[in-house]
Structures are given as structure tokens and as C-alpha cells.
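What the coordinates show
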Amino acid sequence: MAPPLIAVLNGPNINMLGMREPEKYGSTTIDELEQLCADAAEDLGLAIDFRQTNSEGELVTWVQECRGRCAGIIMNPAGYTTNSIATMDALLAVNLPTIEVHITNIHRREEFRHHSFISKAATGVIAGLGVQGYVLALRAMAGMLDTEQDA
Ligand code: DHK
């Protein structure tokens, strides 16, 4: 049987990882992050479709396309966290297990970063654990899918 496909969707400026405020976001590049996720997914018996966009509409379309295609979604909505009702609505529409990841601890940062529309549609949230948060999200996703299969 083919491994369950997990969409790992990244919002704006995540393509700048490694060069972008490294004291906050670390030195891992997006290519290294994709490899980290691919390796973790393989160990967990999952397949990933890893993507990044700087466009809200594209993010919404990618979420919609997960319906019937993906078993779950891991998303770092980045700058769309606090303002994208459209992304939240798309996640609610597809109704898949969803884990929201933030590399930094958004709650220790500026107040405008604290509120997340995406959390309203997320099964769980990981923040502040650096890029390892993606690996932890994949692990949690594998656990949730197993639980669903066993139920
Ligand atoms: C990434 C961003 O680009 C910010 O807009 C968020 C998030 C935090 C992160 O920690 O991964 O506020």
C-alpha cells in the first residue's frame, strides 16, 4: 500500500530560511528543511508533498487540492497566520488532520504575532522548537493516522 501523503505547506518568506534573521529562525535553509522532512517522513512510513509560496491564493488552492489526495496537512502559515481567514476557511473545508507549525515561539514575540486564525482549524500547534517542530509534527501526524486506522 502507498504511504499516506502529507502536505507540508509553507507560507511567505519561509523560502528565505537560513539567511532570514538567523538568530530567530536558525541557519537551516528551506532545501535542508525539505530534506529533514523527507527523511523523517520516510522513517515514519509517510510520503510528503513539501511546498512553499509567497501568495495567499496559492496557499488556499493547495489546501483545497489536498481534499481526496492527502491524509493530513502540516502548515507553517508564516505571515498569513494572523490575517488569513481564507486559509482558515480552506482548512475547515477540507477537514483533514492539520498541524500548525511555527519555527519561533510566536507567543514570546510581538503581540501582533500571537493570534492565529489557522489555529481555529488546526488539530494541534507546535511553536518555538525550531525546524525540529516539523519533524515532531510528522511524528504526531503518523500517530494520529495510526490511531484513526486502529479505531
Ligand atoms: C514565521 C513567520 O514568517 C512569521 O510571520 C510568524 C513564523 C512566525 C515562524 O515562527 O515560523 O510570525
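Residues numbered from 1 in each chain as written. Predicted model: local features only at pLDDT ≥ 70, side-chain atom pairs only at ≥ 80, totals over all residues. Heavy atoms only, no water.

1. Looking at empty space enclosed by the protein
For clarity, the cut-off: Here the term cavity refers to a set of points on a 1 Å grid, laid over the protein atoms alone, in which a 1.4 Å probe fits but cannot get out; the term pocket refers to an open set having protein on both sides within 12 Å along at least five of seven lines, with lining residues being those that place an atom within 4 Å of a point. Grid points are joined across faces, edges and corners, and a volume is the space filled by probe spheres set on the points. A helix here means a DSSP run of H or I that spans at least four residues, while a strand means a run of E at least two residues long, and both kinds are numbered starting from the N terminus.
Inspection of the entire model under this criterion finds one cavity of 30 Å³ or more. Its boundaries defined by the atoms lining it, the largest cavity holds a volume of some 30 Å³. Taken together, Ala7, Leu9, Asp49, Arg51, Trp62, Cys66 and Arg69 make up the lining of the largest cavity. Elements with a contribution of two residues or more to the lining of the largest cavity: β1 (5–10) and β2 (47–52).

2. A word on helix α3 (residues 56–65)
Spelled out, the test is: Each residue is placed in one exposure class: buried if its accessible area under a 1.4 Å probe, protein chains only, is under 20% of its type's maximum, exposed if it is over 50%, and partly exposed if it falls in between. Along the arc lie the directions from the helix axis toward the C-beta atoms. Here, two residues are considered to be in contact whenever any of their heavy atoms come within 4.5 Å of each other.
Here α3 has its buried residues at Leu59, Val60, Trp62 and Val63. Each buried residue of α3 lies within a common arc of 160° when the element is viewed along its axis, so the set occupies one face. Where α3 is buried, its residues contact β1, β2, β3 (72–76) and α4 (85–94).

3. Overview of the nonpolar core
So the rule is basically this: Each nonpolar core is a collection of buried residues, namely Ala, Val, Leu, Ile, Met, Phe, Trp, Tyr and Cys, held together in the definition by side-chain atoms within 4.5 Å.
The biggest cluster of nonpolar side chains holds 26 residues, and the ones touching the most others in it are Ile6, Leu33, Leu46, Ile74, Ile99, Tyr134 and Leu138. Elements supplying a minimum of two residues to this core: β1, α2 (30–44), β4 (98–102) and α5 (132–150). With seven residues, the top contributor of residues to this core is α5. Sequence-distant contacts of Leu33, defined by excluding residues within four places in its chain, comprise Leu17, Thr28, Phe50, Val131 and Tyr134. With 18 residues, the next largest nonpolar core counts Leu59, Met88, Leu91 and Val94 among its residues.

4. Section: the sheet that holds strand β5 (residues 124–127)
Backbone hydrogen bonds are what pair the strands of a sheet, in a parallel or an antiparallel way. What counts is decided by this rule: What makes two strands pair is DSSP finding at least two bridges between them. Interaxial angle, 0 to 180 degrees, is taken between N-to-C directions of lines fitted to C-alpha atoms, where a helix line uses only the stretch in contact.
Pairing within the open sheet is parallel, and its five strands lie in the order β2-β1-β3-β4-β5. Of all the strands in the sheet, the pair left with one neighbour each is β2 and β5. This sheet shows a mean twist of 15° between the axes of neighbouring strands, independent of strand direction. When β4 meets β5, the two strands line up parallel, connected through four bridges. Bridged to Val101 within β5 is Ile126.

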